[in-house]
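Inside the fold
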Number of protein chains: 8
Amino acid sequence: MKIKKPLVAIVMGSASDLPIMEEAARVLSNFKVPYEITVSSAHRSPQRTADYAQNASTRGIEVIIAGAGGAAHLAGVMAAHTILPVIGVPLESPLMGLDSLLSIAQMSAGVPVATVAIGNAGARNAGLLAVQILSGKHGELKKSLLNYKASLAKKVEEQAKKVERKS
Amino acid sequence: MKIKKPLVAIVMGSASDLPIMEEAARVLSNFKVPYEITVSSAHRSPQRTADYAQNASTRGIEVIIAGAGGAAHLAGVMAAHTILPVIGVPLESPLMGLDSLLSIAQMSAGVPVATVAIGNAGARNAGLLAVQILSGKHGELKKSLLNYKASLAKKVEEQAKKVERKS
Amino acid sequence: MKIKKPLVAIVMGSASDLPIMEEAARVLSNFKVPYEITVSSAHRSPQRTADYAQNASTRGIEVIIAGAGGAAHLAGVMAAHTILPVIGVPLESPLMGLDSLLSIAQMSAGVPVATVAIGNAGARNAGLLAVQILSGKHGELKKSLLNYKASLAKKVEEQAKKVERKS
Amino acid sequence: MKIKKPLVAIVMGSASDLPIMEEAARVLSNFKVPYEITVSSAHRSPQRTADYAQNASTRGIEVIIAGAGGAAHLAGVMAAHTILPVIGVPLESPLMGLDSLLSIAQMSAGVPVATVAIGNAGARNAGLLAVQILSGKHGELKKSLLNYKASLAKKVEEQAKKVERKS
Amino acid sequence: MKIKKPLVAIVMGSASDLPIMEEAARVLSNFKVPYEITVSSAHRSPQRTADYAQNASTRGIEVIIAGAGGAAHLAGVMAAHTILPVIGVPLESPLMGLDSLLSIAQMSAGVPVATVAIGNAGARNAGLLAVQILSGKHGELKKSLLNYKASLAKKVEEQAKKVERKS
Amino acid sequence: MKIKKPLVAIVMGSASDLPIMEEAARVLSNFKVPYEITVSSAHRSPQRTADYAQNASTRGIEVIIAGAGGAAHLAGVMAAHTILPVIGVPLESPLMGLDSLLSIAQMSAGVPVATVAIGNAGARNAGLLAVQILSGKHGELKKSLLNYKASLAKKVEEQAKKVERKS
Amino acid sequence: MKIKKPLVAIVMGSASDLPIMEEAARVLSNFKVPYEITVSSAHRSPQRTADYAQNASTRGIEVIIAGAGGAAHLAGVMAAHTILPVIGVPLESPLMGLDSLLSIAQMSAGVPVATVAIGNAGARNAGLLAVQILSGKHGELKKSLLNYKASLAKKVEEQAKKVERKS
Amino acid sequence: MKIKKPLVAIVMGSASDLPIMEEAARVLSNFKVPYEITVSSAHRSPQRTADYAQNASTRGIEVIIAGAGGAAHLAGVMAAHTILPVIGVPLESPLMGLDSLLSIAQMSAGVPVATVAIGNAGARNAGLLAVQILSGKHGELKKSLLNYKASLAKKVEEQAKKVERKS
């Protein structure tokens, strides 16, 4: 992409979530989508979270990715303060992330959050979903997405070649 | 109590939660604890919710009771904005309130919410827990609580008398 | 919006899902976003589903909303055949929609689905999320979204006025 | 068996599932049932998956075993494209395979999948179930199945001999 | 089919399960597959259940369908006594059939049960799965299955025609 | 039985549990086992509950059946105060009785509770289990139990006769 | 006890369950209750299991303890073949033993199983519950049970002494 | 605080729970709130538990924190014997603490327990909630709570500084 200002904001509730949320960043890097990454907590820094979400659009952000675990309110709280699409990544927890998933997915009518899978797979898919959303406006991403989709199928075929056998 | 200003704030995410949250109000009335009751949504009216929580203490509120269902963020979001004890009531949902319970109980370290049971029983217990908390400062409530506790045991005995039989 | 061709496709696994999925349609209507609505099953009409997803982009569709229940594969299968953002609505089931939610949310890495809440609330939020996604490209929707957001807060205040009382 | 062409197809969503799915292969080997094993993903290689399922019968396959985890659509998607019996093996996941189990078992009416247990035990039982199904047409398998059944009881007796004691 | 002796046995733990298990019978009737239907309980009539399963094959039965709820042992217990494929239908229960599903699906290695969905959809799919299994030996069923599959897709198209609209 | 003093105590947490707990009483009546039935709450009348459990053995009670719902502590609390076998019946709750089941079954080592199924079936089985336990000392119950077991199998056969058909 | 013949039978579905089921044996040893321990599977050795349960009473067994995991049918199947009290121990599984617990606890009316906790704690409590049941007939066990109960309280006090502190 | 007598009692069901419950103690130390810590079991030392709860208020205790796992009755049983606010900490268990959470949170109406999160986070929040409750009467704690709240937000900002980057 030619745009150099971050289009996607990756926010996590705690710095300890970084290794998982990096998966989202990696996807965005691969698609050359500029992003910013930061920490903000719905509960421990509510003002910072509200401000961040309210100002994101003005600063050029077009999609927010928010990862949190347990009573995972971050994505929902950010969605309350912005009209940008917010993608919620449920992080693992002592309850395997089931609490995180329900806290993110079960938003009541009026304020949607786009929920993805628990943990690593979800973080990666959050990055991809952000690219898909951006590709509406930034048409140049469509080609990369098509290439990526083709590469997925190709990798499956490569795996198949290694695994395939007949008894 | 002699105090006439509301000491407890009962907040719910939607007016449709009123029939359940009235259970909390009824308990407070029985203990003659002044309260106020209102609607505020963590997601649909985030600013109102933050303001309400931030100003509650100054207005004389000593305990907040917050009821919500689904991805029930209301109690946690209010707790983020106040140092008052916040009691969270998980309301019923298409998932039987399990999502509400986890969204309220599983708060990460730093911002506690005092979670009670799902639905009616929880709303009533929220009222009682508020009275117990207030009784630390407002000692006159202790006697009422002791009376109430005795009445519970007495009602069990009355029930027992009706039910008891030997074959 | 000035565009008259459908921008959003609402697809459901069975005609019996229509009453719920109408919630998504209603939201799109309110935002004057043109949509089309149809039935296609991942399992009973797989070819139709694949074709529909593959051709959607060419026909001008920019977002797909897919609702299904139980082993709810529809959203994931459509996502497999398109680079458009796909929003999955988990519909209620004998297991309260928990199976639907997990079947939609727990997509493995590479093919994201934007999952919303189970049932009615989810269908409505699917419509809203579609509008938020579209608003990236179709900037005129931003104002409507801001108005909508303001109206949500206003309705809460109106509800509060009716409910509010001090004991 | 005298037939040399694969009668059973073992398909998995990712090469990383091989160690578990080998359990199914091992059972088939023990019963001398020829099989083929490959990788195909419902989401990352949907065309390959559809083609594979559609052509399986023509190529002589009589039973398909499909293993996948998380939002495990592979078995259901293959069943959509074939009239052969499809056995679904729910693989372990961050949610312990509960999501995999529900995604496979809760198929709506019209397109059945024969679901077995989560993980290792399920993969082994998938192999056995395939043999049981094949034994309808290939009667020579019946004797082997009866022998196998007898050997199960015998192994229990051997275990019992080692464990048995009276205090 | 020309065969007139029952090929499929439909067994249920209690006569009260009949309305659900009739769904399986209806499918078999549609495919002109002869079946028998009876009641036997793993726990209340264990000997009858064991005898029934042991003799089924000799009497010409080729597939057993067993429906039960709660601690649903019927399918597993029958599978213990036969080498025929056993299809287990988890019936609804106070726990929504989740206990039934786990009691049937989570069989340990050595004795498989082909589990289908909870309740009505599962009973219908049990009938279909039985037909698919029988079609290996009774090739004339293949054509009916292909017709049925085509009819499923056609019905989706008919539903679509009624539902389809563009805003 | 010749003994006329109650041998079994049926205790429930609330008079509203009576209709379910009557199922246990009915079984005991059928076996002519004398019982007493009363109400006592682990939380609302803890002293009464402790006294009752402590004195039960002295009064001739040999088995206690305790039914409660939600955070169902009654059976565990009674077991803490007696060495008599305590049977716990998990009653239905807004969470379908899953909370009741776990609160009763998951007792830590040292103080067992014999847990039965949720609701009606559990209450009835609690009565039967009490009879089985009593039959160790009161050998005359063994014959009744054998008759009952035979009657179960017979009723299954009668049901079968009504249901049985061949297509 | 003076009786030397086994009074309790400890049965497990697989020899690999021995380390857990030894907890039950250890308790019985401590109470000097003679027991026997063996392996029998509801599914892999159904005849052995039925015979064992049917003959247990004649051989002098007064209580059966059955441990199994997953679709844990062992306790229910044994209960089907005997009028002795059967205690079911749900063993851990890939689903944390939740499937085992439900498969054992949710027995339908007519054939009770006395379910204890999942895993170690449950095995130990199964031993204790067996002693409590036996103590009805074998009164000399009552004193040991009272001593054991006192020792539990004493151990808590000893633990308390080590842990207790005031800040 | 100037008060030197314990204001908070931290009670746990077993000495093995100490490492987790120390988190609560640590928080109280940080706020200079005097506490006492001990072991008492609802089931193994019921009298000790009842006495402790009944006398707590007289000895000057103002809040009780009770931690237990599995069928976690400790908090509920203590609440039955006191009018002090009781905070329940669900400890981890073979079922991930879900049983502990439900056993504590789902208290029926009349006897509330203030439930916090499972495990470590819950223990820490129990300490904080105790301080919030105490701060009603002991106003000097309010300032510390405000400082603590500010420090939480500050730590988030520090974390953010380390993590923040733009691609």
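Please refer to the structure higher up on the page.
Scoring rules and cut-offs
- Residues numbered from 1 in each chain as written.
- Chains lettered and ligands numbered in written order.
- Predicted model: local features only at pLDDT ≥ 70, side-chain atom pairs only at ≥ 80, totals over all residues.
- Heavy atoms only, no water.
- Helix = DSSP H or I, 4+ residues; strand = E, 2+ residues; numbered from the N terminus.
- Buried < 20%, exposed > 50% of the residue type's maximum accessible area, 1.4 Å probe, protein only.
- Contact = heavy atoms within 4.5 Å.
- Areas by Shrake-Rupley, 256 points an atom, 1.4 Å probe, with all protein chains shown as cover.
- Least-squares fit on C-alpha atoms with pLDDT ≥ 70 in both.
- Salt bridge = Lys/Arg side-chain N within 4 Å of Asp/Glu carboxyl O.
- Buried area = accessible area lost by both parts, 1.4 Å probe.
- Nonpolar A, V, L, I, M, F, W, Y, C, P; charged D, E, K, R; others polar.
- Expected span 1.5 Å × (residues − 1).
- Pairing = 2+ DSSP bridges.
- Axes fitted to C-alpha atoms, helices over the stretch in contact; angles between N-to-C directions.
- Parallel < 35°, antiparallel > 145°, perpendicular 65-115°, else oblique.
- Left-handed = near helix turned anticlockwise from the far one by under 90°.
- Phe/Tyr/Trp six-rings, centres within 6.5 Å; stacked < 30°, edge-to-face > 60°.
- Lys NZ or Arg CZ within 6 Å of the ring centre and 35° of its normal.
- Polar contact = N/O pair within 3.5 Å; in protein donor to acceptor, adjacent residues only side chain to side chain.
- Right-handed = clockwise from strand over helix to strand, strands pointing away.

Things to note about the overall build of chain A
Across its full length, chain A carries six helices and six strands. When its helices and strands are written in sequence order, chain A yields β-α-β-α-β-α-β-α-β-α-α-β. Structurally, chain A occupies a C-alpha span of about 60 × 40 × 30 Å along its principal axes. Across the 167 residues that make up chain A, the buried fraction comes to 68%. Contacts spanning at least 24 positions in sequence make up 68% of the contacts within chain A whose residues lie at least 6 apart. Just so you have it, chain A exposes about 5400 Å², and 54% of that area is on carbon and sulfur atoms.

Quick look at the relation of the copies chain B and chain H
Once chain B has been moved 0.0 Å along the axis and rotated by 180°, it coincides with chain H to within an RMSD of 0.0 Å. Those values place the two copies in the arrangement expected of a two-fold rotation axis. Of the residues that chain B buries at the interface, 100% are likewise interface residues in chain H, meaning the two copies contact each other through the same surface.

Quick word on the pattern of salt bridges
Counting across every chain of the model gives 56 salt bridges over all chains. Measuring nitrogen to oxygen at the nearest pair gives 3.2 Å for the salt bridge that ties Glu23(B) to Arg124(B). Taken together, the residues span a long stretch of sequence, with Glu23(B) in helix α1 (residues 18-30) and Arg124(B) in helix α5 (residues 120-137) at a distance of 101 residues. Here Glu22(H) and Arg165(G) are joined by a salt bridge, their closest N and O atoms 2.9 Å apart. Of this pair, Glu22(H) sits in helix α1 (residues 18-30) while Arg165(G) sits in strand β6 (residues 165-166), which puts the two residues in different chains. We classify Glu22(H) as buried; its relative accessible area is 19%.

Some details on the relation of the copies chain H and chain A
It takes a turn of 90° to lay chain H on chain A, together with a shift of 0.0 Å along the axis; the resulting RMSD is 0.0 Å. Here the two chains are linked by the operation of a four-fold rotation axis. Minimal C-alpha separation from the rotation axis in chain H is found for Met96(H), amounting to 5.9 Å. In this assembly the copies use different faces: only 6% of the residues contributing to the interface of chain H also contribute to that of chain A.

Points about the interface of chain B and chain H
Across the contact, 38 residues belong to chain B and 38 residues belong to chain H. Carbon and sulfur atoms supply 64% of the area buried between chain B and chain H, which totals about 3200 Å² over both sides. Where the side of chain B that touches chain H is concerned, the elements lending two or more residues are α3 (74-80), α4 (98-105), β5 (114-115), α5 and α6 (140-163) of chain B. Looking at the side of chain B that touches chain H, the element that brings in the most residues is α5(B), giving nine residues. When its residues are assigned to classes, the side of chain B that touches chain H shows 25 nonpolar, nine polar and four charged.

Brief notes about helix α6 (residues 140-163) of chain C
Taking 1.5 Å per residue as the helical rise, α6(C) with its 24 residues ought to reach 34 Å, and the 36 Å between its terminal C-alpha atoms agrees with that figure. The set of residues buried in α6(C) consists of Leu141(C), Leu145(C), Lys149(C), Leu152(C), Val156(C), Ala160(C) and Val163(C).

Comments concerning the pairing of strand β1 (residues 8-12) of chain A
All names here are of chain A. Burial runs high along β1: five of the five residues are buried. Burial of β1 is two-sided: the residues Val8, Ile10 and Met12 facing one way and the residues Ala9 and Val11 facing the other way are all buried. Relative to strand β3 (residues 63-69), β1 runs parallel, the two being bridged by five bridges. Looking at β3, one finds that Val11 is bridged to Ala66.

A few points about the packing of α5(B) against α6(B)
Residues and elements named next belong to chain B. Orientation of α5 relative to α6, taken along the N-to-C sense of each, is 140°, at an axis distance of 9 Å. Judged by the inter-axis angle, α5 sits oblique to α6. Once α5 is placed against α6, the crossing between them reads as left-handed. Of α6, the residues touching α5 (which contributes Leu128, Val131, Gln132, Leu134 and Ser135) are Leu141, Lys142, Leu145 and Tyr148. The residue makeup of the contact of α5 with α6, split by class, is six nonpolar, two polar and one charged.

Regarding the packing of aromatic side chains
Inspection of the entire model under this criterion finds eight aromatic pairs over all chains. A cation sits over an aromatic face here: Arg59(C) above Tyr52(C), 5.1 Å from the ring centre.

A look at the arrangement of the chains
The smallest C-alpha distance separating chain A from chain E is 17 Å, and no contact links them. Across the gap from chain D to chain F, with no contact made, the nearest C-alpha atoms are 17 Å apart.

A closer look at the environment of Pro46(G)
Among the secondary structure elements, Pro46(G) is positioned in helix α2 (residues 46-56). The spacing of Pro46(G) and Glu140(G) is 94 residues in sequence and 36 Å in space, taken between C-alpha atoms. Sequence-distant contacts of Pro46(G), defined by excluding residues within four places in its chain, comprise Ala80(E), His81(E) and Ser41(G).

Observations concerning the interface of chain H and chain A
Taken together, the contact between chain H and chain A spans 16 residues of the former and 23 residues of the latter. Both faces considered, chain H and chain A share a buried interface measuring about 1700 Å² in area, 62% of it formed by carbon and sulfur atoms. In this assembly, chain H and chain A are joined by three salt bridges. Where chain H touches chain A, the interface holds nine residue pairs in polar contact (both at pLDDT 80 or more). Broken down by secondary-structure element, the contributors of at least two residues to the side of chain H that touches chain A are α6 (140-163) and β6 (165-166) of chain H. Residue contributions to the side of chain H that touches chain A peak at eight residues, all from α6(H). The class makeup of the residues in the side of chain H that touches chain A is eight nonpolar, two polar and six charged. As paired strands, strand β2 (residues 35-39) of chain A and β6(H) are joined by two bridges and run antiparallel to one another. Looking across to β6(H), one finds that Ile37(A) is bridged to Arg165(H).

Points about the pairing of strand β4 (residues 86-91) of chain D
Residues and elements named next belong to chain D. The element β4 is extensively covered by neighbouring structure, given that six of its six residues are classed as buried. On β4, burial covers both faces: Val86, Gly88 and Pro90 on one face and Ile87, Val89 and Leu91 on the other are all buried. Where strand β3 (residues 63-69) lies against β4, six bridges are found, and the strand directions are parallel. The partner of Ile64 across the bridge, within β4, is Val86. Viewed along the sheet, the connection from β3 through helix α3 (residues 74-80) into β4 turns out right-handed. Two strands pair when backbone bridges link them, and β4 and strand β5 (residues 114-115) are joined in this way by two bridges, in the parallel orientation. Opposite Ile87, over in β5, you have Ala114 as the bridge partner. Between the parallel elements β4 and β5, the chain passes through helix α4 (residues 98-105) in a crossover that is right-handed.

So, unusual backbone geometry
Positive phi, normally seen in glycine, also occurs at Met96(F), with a value near 65°. Owing to a relative accessible area of 14%, Met96(F) belongs among the buried residues under this scheme. Of note in this structure, Lys32(G) is not a glycine but carries a positive phi near 55°. In this fold, Lys32(G) is placed in the loop between α1 (18-30) and β2 (35-39).

Focus on the packing of α1(G) against helix α5 (residues 120-137) of chain G
Residue and element names in this part refer to chain G. Two elements in contact, α1 and α5, have axes separated by 7 Å at closest approach and are oriented at 30°. Comparing the axis directions of α1 and α5 gives the class roughly parallel. When the axes of α1 and α5 are compared, the crossing they make is right-handed. On α5, the residues that touch Ile20, Met21, Glu23, Ala24, Val27 and Leu28 of α1 are Asn120, Ala123, Arg124, Gly127, Leu128, Ala130 and Val131.

Side note on the side chain of Thr82(H)
For Thr82(H), the location among the structural elements is in the loop between α3 (74-80) and β4 (86-91). For Thr82(H), a relative accessible area of 5% translates into the label buried. Apart from residues no more than four positions distant in its own chain, Thr82(H) is found in contact with Gln132(B), Lys149(B), Ala53(H) and Ile64(H).

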